[in-house]
Amino acid sequence: MKKRQLFASVMAGALLLGTLAGCGNNSSADGGGEEWPTKAVNVVVTASAGGDTDFNARTFATYFEQVTGQPMVITNTAGGGGSVATSEVKDSKADGSKILFCHTGQMIVNEVAGLIDYSMDDFDIACIPAVDKGTVLVASKASGITSVEDLVEKAKAAPGEITYASELGGYSHLQGLILMEKAGIDLKILDIGSASDKITNMLGGRVDLAAISYGAVKDYAETGDLIILAQYNEERNENLDPDIPTFVECGIDFVMEKPYIIAFPKGTDQAIIDKINEVAAQIAEDPDYQAALIEGYNQPAEYIAHDEALELLAQTREDYMAYQDLLQ
Amino acid sequence: MLELFAQGFANVFSPFCLVLMVLGTVIGIIFGAVPGLSSVMAIALFLPLTYGMDPGQGLSVLVALYIGSVSGGLVSAILLKIPGTPASIATCFDGHPMLARGEGAKALGAGVFYSFLGTIISVVALMFIAPQIAKVAINFGPHEYFAISIFSLMLIATLSSGSMVKGIFSGVLGLAFATVGIAPLDAVKRFTFGTVALSDGFDVLTVMIGLFAVSEVIKIAEVAKREKASDVAQVNMKVKGFGFTVKEFIQQIPNAIRAALVGLGIGILPGIGAGTSNLVAYTVNKNADKKHSDEYGKGYIGGIISSETANNASVGGAMIPLMTLGIPGDGVTALLLGAFMVHGIAPGPLLFQNYGPLVYTIFVACLVATVLMLVIEWYGMHIFAKVLKVPRHILLPIVFVLCVVGAFGLSSRVFDVWAVLIFGVIGYFFTIFKVPQAPFVIGFVLGSMAETNFRRGMMMSDDNFLDFFTKPIAAAFLIFTLVYFLYVVVKEIKKAQARKTASGQAV
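All values derive from a computational prediction rather than experimental measurement.

1. Topic: the overall build of chain B
Phase 1 of the analysis: Each helix and strand counted, chain B has 22 helices and two strands in total.
Phase 2 of the analysis: Compactness check: chain B gives a C-alpha radius of gyration of 22 Å against a globular reference of 23 Å for 507 residues, within 12% of the reference.
Phase 3 of the analysis: Projecting the C-alpha coordinates of chain B onto the three principal axes gives extents of approximately 75 × 65 × 50 Å.
Phase 4 of the analysis: Taking all 507 residues of chain B together, the buried fraction comes to 61%.

Structure, rendered in structure tokens:
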């Protein structure tokens, strides 16, 4: 009998995995756009579980179910700098059963960097459900840099000497390039890797600057091992340390907020897109949702509706395209 | 500190938390034992469920899953000769020969006990000396990582007794497969043939499942049908304690200590973990344990002890940089970092200071999960062994299905299923020509690490290669590599000469 028990548990494990991984793959067409969603919606997230993109997608999904009564099933597909996920959704049926949840890094920077041969025009962008406002520019203690003004001065005195940690061809690389242009300085951009690699190498004094999420460095800012120089937001995000200035306040005309994007395959019924906008607007008003975002990533809720979102993303794409040669 | 411990105990010993941890340990062991399911999958599946719990409970469950799954791999490694996870690859080497000799119970007992010991040693290190040893991780930049990955590659390529050439061949082939996909740094697409699926390269789990599990299924498929009922291996589970004697325990203390140190050290370094440490510890002990060096790979208990102590010691090791620096050491700890972050807690230098009760709850959870693992596996051993009573022509197709399910579960792609089958065929030819599979896996894992860090290092040093030899840690590892290589070459030549003279005398 015990043998059966083992098999039962083994098969249960396999089944559990199978169900969770395979949910939403049955692609029978959804009903008309008006009633959408009539069944669970499969959401492909361009990042692995545990990061900021995954957190935003899952928090949104929780409240989506509360509003619509239908669950969102999250699949994390992090591969190929997010291109595996974007390709998957682009090529799937436009019946509202599969959604892409990503940010401008995958939707725009990947195209600018030449990683994908399609663009945001190959999707039906629904809306911007949330905007990341937690990124800060950080300097290592060993660099001796204390403020943005100090950075500009030191960089002008020794062009190309101060090092900046990035992932080449990625969002953080672009952040560095724009900073250099807007501040009129020359930095040495290095490939360092993920956020944790950046922190490790800054603590070890091997690299001077990096753009990192505030939550990951706030302890080090307190101990003095890392120095937070500025935030990338248009206006100060009061959920961070209120003393962190914006770049604009430091005299550099540089704003780079990171919108998350919900997108459908091209050709999706407009009624579905209207419906998710309606839902997203409702979610953004929910005080519990707002509190969850602040607790997790010091992020105030912000929802940008369809038309305005398209306009913003088109503008962003045009701005980023100016750096195409440098990024590739 | 005692007060904090008491608080931690109170948190963990709440009925809700304890039930969840028992469940977590059992599920972890199953995910570890089933080829195709892994620690990362177990935790990725359960992470979202912990979002709604309080941080202490959520992390306790995840820790239980982690510890259970790293240990669980030993079951299939010993019974089926298929490592359940990459952390138990070296356990196969001696585990299966012991089973074939009728010492399966002893092999399982030793594996379970030393998993327990390895975890405890590393958790104690985590509790008492974490801040001091975590600083080691900061000193490792791209140059140092390149050097240590080359060192580990060399160590494991020479592992195959008899033919070093075959070991190096296997390792180099692994390196070659690691180059498929988007290249590090400049994002050039290599060997993708214009497909999106290949742009992400192969997943390490598809490589491992294919080479070890699918190849074993193919191999047995050749003979299984002709097999009589009497051929089915039987395990006599009537053993005292864990199956090994006090004398053996004392004799094995040096092996266990070396393995624990290797496991802990490799665990602390971000980027490499239990999947590498079990093989490195095995190689280190095989070389250091001079008296028994020849018995490794033929069913020697020391081999199991090396592998299982080291892989579980890497668990606590990986938690050290996570909890003291906020730096995750592997895929699993990256997920644990996410579990902290959703509650607005960023692990870092002030975690102990700001979240003392939570930290001690996690410590207690580690200890409790370790004991749970010991108890559950000890009682489970008898159930596990019954698996062998299932005729192999029924058992292995089930294993095969699980492998395919696991591969698909990685990212819901049929591509990964094909990859598993292809690596299975490669693995089958490896076994026919007696080429070891382990160097392939390690070459695959460390290959991309070596490449990425080499290029990052060159970038950091303005393309000055000499920096790899002027930075002390990097230089030391590279020199070790060279010395060790020469040592093995000289040893092999001597062996060959001895064989020649021996055969000459025989004539």
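2. A few points about the overall build of chain A
Phase 1 of the analysis: Each helix and strand in chain A was counted, giving twelve helices and eleven strands.
Phase 2 of the analysis: A total of 328 residues make up chain A; the buried ones form 52% of that total.
Phase 3 of the analysis: Sequence separation of at least 24 residues holds for 74% of the intrachain contacts in chain A that already meet a minimum separation of 6.

3. A few points about the domain arrangement of chain A
Much of the literature gives interface size as the accessible area that the parts lose upon coming together.
All names here are of chain A.
Phase 1 of the analysis: For chain A, the assigned domains read domain 1 (33-132 + 258-327) and domain 2 (135-231).
Phase 2 of the analysis: Each partner contributes residues to the interface: domain 1 has 14 residues there, and domain 2 has eleven residues.
Phase 3 of the analysis: Each residue belonging to the side of domain 1 that touches domain 2 can be placed in one class, and the counts come to eight nonpolar, three polar and three charged.

4. Here we look at the pairing of strand β10 (residues 226-231) of chain A
Residues and elements named next belong to chain A.
Phase 1 of the analysis: Within β10, six of the six residues are buried, which leaves the element mostly enclosed by the surrounding structure.
Phase 2 of the analysis: As paired strands, strand β6 (residues 135-140) and β10 are joined by five bridges and run antiparallel to one another. Within the sheet, the bridge partner assigned to leucine 137 lies in β10 and is alanine 230.

5. As for the packing of helix α6 (residues 104-128) of chain B against helix α14 (residues 301-325) of chain B
Residues and elements named next belong to chain B.
Phase 1 of the analysis: Where α6 meets α14, the axes come as close as 7 Å, and the angle between the chain directions of the two elements is 30°. Of the possible angle classes, the one that applies to α6 and α14 is roughly parallel. Both α6 and α14 take part in a crossing whose hand is right-handed.
Phase 2 of the analysis: Looking at the contact of α6 with α14 residue by residue, the classes come out as 16 nonpolar, ten polar and two charged.

6. Here's the deal with the sheet that holds strand β7 (residues 163-166) of chain A
Residues and elements named next belong to chain A.
Phase 1 of the analysis: Taking strand neighbours across the sheet as the criterion, the five strands line up as β8-β7-β9-β6-β10 in an open arrangement whose pairing is mixed. Lying at the two open borders of the sheet, with one neighbouring strand each, are β8 (188-191) and β10. Each neighbouring strand pair of the sheet contributes to a mean axis angle of 35°, computed without reference to strand direction.
Phase 2 of the analysis: As paired strands, β6 and strand β9 (residues 209-213) are joined by five bridges and run antiparallel to one another. Pairing of alanine 139 across the sheet is with leucine 209, part of β9.
Phase 3 of the analysis: Of the strands in this sheet, β6, β9 and β10 are in contact with helix α8 (residues 214-223), which crosses β10 at around 135°.

7. A short note on the interface of chain B and chain A
Phase 1 of the analysis: With 52 residues of chain B in contact, the opposing surface of chain A contributes 50 residues.
Phase 2 of the analysis: Of all elements in the fold, only α2 (15-33), α3 (39-50), α7 (130-138), α15 (331-341), α17 (356-386), α18 (392-411) and α20 (438-460) of chain B reach the threshold of two or more residues within the side of chain B that touches chain A.
Phase 3 of the analysis: A class-by-class count of the residues in the side of chain B that touches chain A yields 36 nonpolar, eleven polar and five charged.

8. Digging into helix α12 (residues 253-268) of chain B
Residue and element names in this part refer to chain B.
Phase 1 of the analysis: Between the first and last C-alpha of α12 there are 22 Å, a value that for 16 residues agrees with the 22 Å anticipated at 1.5 Å per step.
Phase 2 of the analysis: Buried residues of α12: Asn255, Ala256, Ala259, Ala260, Val262, Gly263, Leu264, Gly265, Ile266, Gly267 and Ile268, and no others.
Phase 3 of the analysis: On its buried face, α12 sits against α6, α7, α13 (274-288) and α14.

9. As for the environment of A:Gly160
All names here are of chain A.
Phase 1 of the analysis: With respect to the helices and strands, glycine 160 occurs in the loop between α5 (148-157) and β7.
Phase 2 of the analysis: As a C-alpha pair, glycine 160 and arginine 58 span 102 residues in sequence and 41 Å in three-dimensional space.
Phase 3 of the analysis: Setting aside its immediate chain neighbours within four residues, glycine 160 contacts Asp186 and Lys188.

10. Digging into the nonpolar core
Phase 1 of the analysis: Counting residues in each nonpolar core, the largest one holds 273 residues, and the members touching the most others are A:Val138, B:Ile43, B:Leu62 and B:Ala365.
Phase 2 of the analysis: Counting residues per element, this core draws most heavily on α17(B), at 17 residues.
Phase 3 of the analysis: In terms of domain composition, this core takes at least three residues from each of domain 1 (33-132 + 258-327) and domain 2 (135-231) of chain A.
Phase 4 of the analysis: Beyond its immediate stretch of four places on either side in the chain, B:Ala365 contacts B:Val12, B:Met21, B:Leu59, B:Ser60, B:Val63 and B:Ala64.

11. Observations regarding the environment of B:Ala183
Residue and element names in this part refer to chain B.
Phase 1 of the analysis: Inspection of the secondary structure assignment puts alanine 183 in the loop between β1 (181-182) and β2 (189-190).
Phase 2 of the analysis: Residue class for alanine 183 comes out partly exposed when judged on the 16 C-beta atoms lying within 10 Å of it.
Phase 3 of the analysis: On a C-alpha basis, the gap between alanine 183 and threonine 206 in space is 19 Å, while along the polypeptide they are 23 residues apart.
Phase 4 of the analysis: Excluding residues within four positions of it along the chain, alanine 183 makes contact with Val188 and Arg190.

Reading the values: the criteria
- Residues numbered from 1 in each chain as written.
- Chains lettered and ligands numbered in written order.
- Predicted model: local features only at pLDDT ≥ 70, side-chain atom pairs only at ≥ 80, totals over all residues.
- Helix = DSSP H or I, 4+ residues; strand = E, 2+ residues; numbered from the N terminus.
- Rg over C-alpha atoms; globule rule 2.2 N^0.38 Å.
- Buried ≥ 20, exposed ≤ 12 C-beta atoms within 10 Å, placed from the backbone.
- Contact = placed C-beta atoms within 7 Å.
- Domains from an automatic or database assignment.
- Nonpolar A, V, L, I, M, F, W, Y, C, P; charged D, E, K, R; others polar.
- Pairing = 2+ DSSP bridges.
- Axes fitted to C-alpha atoms, helices over the stretch in contact; angles between N-to-C directions.
- Parallel < 35°, antiparallel > 145°, perpendicular 65-115°, else oblique.
- Left-handed = near helix turned anticlockwise from the far one by under 90°.
- Expected span 1.5 Å × (residues − 1).
- Core = buried A, V, L, I, M, F, W, Y, C linked by C-beta atoms within 7 Å.

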